[in-house]
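What the coordinates show
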Amino acid sequence: MGILGKIFTWWNGATIGTSIFSAFNGEKVGEDAAGNTYFRGKKQRHGRERRWVIYQGSNDSSRVPAEWHGWLHHSYDEIPESHLPPPRIWEADYTPNATGTVQAYRPSGALERGGKRAASTGDYEAWSPGE
């Protein structure tokens, strides 16, 4: 993305204003496995420090791991890497939200798949209030 994209778009990475603000008013705290960078403000506002994330790639809040989400929302003060439990074998890797994309789930009756639904089987009995 060119310089004009960085100036005028907010949905694909940090804008120039956010990058400048982060450089002068923030302290880099850490980075997650997806490449997102986490910052905290140098000054406190209303008794709390300001915390924010600059995404690597598109701005999708579902890409923030649970441990960093807790830190961003002041659930705990320590940096997440300092108290993470070891990963479990059953934990799945992150998959992005596919809603609105070509990879989104579409059931067999969806318009995008031809709109053909299975014929009804006739086992439905309508309810009537008098019965």
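Shown above is the structure to which this text applies.
I will try to describe carefully the structure that is included in this document.

Along its length, the protein carries 3 helices and 3 strands. The secondary structure elements of the protein, listed N-terminal to C-terminal, are α-α-β-β-β-α. Long-range pairs, those at least 24 residues apart, make up 34% of the contacts in the protein with a sequence separation of at least 6.

Okay, the environment of glycine 35 next. Here glycine 35 is to be found in the loop between strand S1 (26-31) and strand S2 (37-45). Residues glycine 35 and tyrosine 55 lie 20 residues apart in sequence; the distance between their C-alpha atoms is 7.3 Å.

What follows is about the layout of surface pockets. Considering only enclosed or pocket space, the largest pocket measures out at about 560 Å³ in volume. Along its surface, the largest pocket is lined by 19 residues, and Pro65, Glu67, Glu91, Ala92 and Tyr94 are the ones closest to its centre.

Checked against the element boundaries, glutamate 67 lands in helix H3 (residues 66-72). On the accessibility criterion, glutamate 67 (25% relative accessible area) is partly exposed. A sequence separation of 13 residues divides glutamate 67 from proline 80, and the C-alpha atoms of the two residues are 5.6 Å apart. With residues near it in sequence (within four places) discarded, glutamate 67 still touches Tyr76, Pro80 and Leu84.

The next subject is the packing of aromatic side chains. Scanning all chains against the criterion turns up 3 aromatic pairs. On the numbers, 4.0 Å between centres and 5° between planes, the contact of tyrosine 38 with tryptophan 68 is stacked. Taken together, the residues tyrosine 38 in strand S2 and tryptophan 68 in helix H3 connect sequence positions 30 residues apart. By relative accessible area, tyrosine 38 is classed as buried at 0%. Looking at tryptophan 68, the relative accessible area reads 1%, which means it is buried. Between the aromatic rings of phenylalanine 39 and tryptophan 52, the centroid separation amounts to 5.8 Å while the plane-to-plane angle is 10°, which identifies the pairing as stacked. With a gap of 13 residues between them, phenylalanine 39 in strand S2 and tryptophan 52 in strand S3 (residues 48-54) connect regions that are remote in the sequence. Of the residues examined, phenylalanine 39 reaches a relative accessible area of 12% and is grouped as buried. Overall, tryptophan 52 belongs to the buried group, its relative accessible area being 11%. One aromatic cluster is present, formed by Tyr38, Trp68 and Trp71 through successive ring pairs. Residue placement shows arginine 50 over the ring face of tryptophan 52; its charged tip is 5.3 Å from the ring centre.

So, about the pairing of S2. Pairing between S1 and S2: 5 bridges, direction antiparallel. Across the sheet, the residue bridging to lysine 28 is phenylalanine 39, located in S2. Linking two consecutive strands that pair antiparallel, namely S1 and S2, is a turn of 5 residues; a positive phi of about 95° is found at glycine 35 within it. Where S2 and S3 come together, 6 bridges link them in antiparallel fashion. Across the sheet, residue phenylalanine 39 finds its bridge partner in S3, namely tryptophan 52.

About the cut-offs
- Residues numbered from 1 in each chain as written.
- Predicted model: local features only at pLDDT ≥ 70, side-chain atom pairs only at ≥ 80, totals over all residues.
- Heavy atoms only, no water.
- Helix = DSSP H or I, 4+ residues; strand = E, 2+ residues; numbered from the N terminus.
- Contact = heavy atoms within 4.5 Å.
- 1 Å grid on protein atoms, 1.4 Å probe; cavity = no way out; pocket = protein on both sides within 12 Å on 5 of 7 lines; lining within 4 Å.
- Points joined across faces, edges and corners; volume = space filled by probe spheres on them.
- Buried < 20%, exposed > 50% of the residue type's maximum accessible area, 1.4 Å probe, protein only.
- Phe/Tyr/Trp six-rings, centres within 6.5 Å; stacked < 30°, edge-to-face > 60°.
- Lys NZ or Arg CZ within 6 Å of the ring centre and 35° of its normal.
- Pairing = 2+ DSSP bridges.

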